[in-house]
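Structural characterization, general
Chain residues, written in single-letter form:
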Amino acid sequence: YDRIQQRRLVYARDDQTGGGDMLDRQNPRDPFDLRFLNAMIAHHEEGLSMAKDAVERIEHPELRDMVEKMMYNQQKEVRQMRHHRQEWYEEKAA
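In this text, all values refer to a predicted model and were calculated from it rather than measured experimentally.

Counting secondary structure elements, the protein chain contains three helices and zero strands. Order of helices (α) and strands (β) in the protein chain, N terminus to C terminus: α-α-α. Each of the 94 residues in the protein chain was classed as buried or not, and the buried ones make up 30%. If you take every contact in the protein chain between residues at least 6 apart in sequence, the share linking residues at least 24 apart comes to 45%.

This paragraph deals with the packing of helix H2 (residues 32-55) against helix H3 (residues 61-88). Axis separation between H2 and H3 bottoms out at 9 Å; the angle between their running directions is 150 degrees. One finds that H2 runs roughly antiparallel with respect to H3. Crossing handedness for the pair H2 and H3: left-handed. Partitioned by chemical class, the residues of the contact of H2 with H3 number 13 nonpolar, six polar and seven charged.

It is worth spelling out the nonpolar core at this point. The biggest cluster of nonpolar side chains holds 13 residues, and the ones touching the most others in it are Val67, Met71, Val78 and Met81. Elements with a contribution of two residues or more to this core: H2 and H3. If you tally residues by element for this core, the top one is H2, at seven residues. What Met81 contacts, discounting residues up to four positions off in sequence, is Leu37, Met40, Ile41 and His44.

Before going further, it helps to spend a moment on the confidence of the model for the protein chain. Averaged over all residues, the pLDDT of the protein chain is 81; the fraction at 70 or higher stands at 74%. Taken element by element, the predicted model of the protein chain shows its lowest mean pLDDT in helix H1 (residues 3-11) (46) and its highest in H3 (96). Segment residues 1-12: pLDDT under 50, and 16 contacts once partners within four positions in sequence are set aside and those in other chains are kept. Across residues 14-20, confidence stays below pLDDT 50; counting only partners more than four residues off in sequence or on other chains, it has 13 contacts.

Summed over all chains, the structure comprises one salt bridge. The partner of Arg82 in a salt bridge is Glu45, with the nearest N and O atoms 2.2 Å apart. Here Glu45 lies in helix H2 and Arg82 lies in helix H3, a separation of 37 residues in the sequence. Take Glu45: its relative accessible area is 36%, and that puts it in the partly exposed class.

Procedures and definitions
Residues numbered from 1 in each chain as written. Predicted model: local features only at pLDDT ≥ 70, side-chain atom pairs only at ≥ 80, totals over all residues. Heavy atoms only, no water. Helix = DSSP H or I, 4+ residues; strand = E, 2+ residues; numbered from the N terminus. Buried < 20%, exposed > 50% of the residue type's maximum accessible area, 1.4 Å probe, protein only. Contact = heavy atoms within 4.5 Å. Axes fitted to C-alpha atoms, helices over the stretch in contact; angles between N-to-C directions. Parallel < 35°, antiparallel > 145°, perpendicular 65-115°, else oblique. Left-handed = near helix turned anticlockwise from the far one by under 90°. Nonpolar A, V, L, I, M, F, W, Y, C, P; charged D, E, K, R; others polar. Core = buried A, V, L, I, M, F, W, Y, C linked by side-chain atoms within 4.5 Å. pLDDT = per-residue confidence, 0-100. Salt bridge = Lys/Arg side-chain N within 4 Å of Asp/Glu carboxyl O.

In C-alpha cells form, the structure reads like this:
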C-alpha cells in the first residue's frame, strides 16, 4: 500500500459494522477530503448513537462523565465537519 492508502485504512476503518473502508463505499470520483468528511461524520454519528443509548445505563460515574464529554466533543466536531463540507462542497453535500 502507498502512504495515502495506509492512512485511509487507519482513519476510516469501520470496525463496528464488520470492517471495510468507509471511504471506498463512496464515489471514487469525489475529492478525497469530501469522502473523508462524509466517512468521519458517519463514524461520529454512530458513536453518538451508541453513547446516547448507553449514557443512562452506565454504572460508573467516571465512565458516564467520559461519555458525556465525548458526546459534547463529537457533536461539536460533526457541526464543524458539516460546515466545512457545506462551504467547500455545497453541491455535493450529503
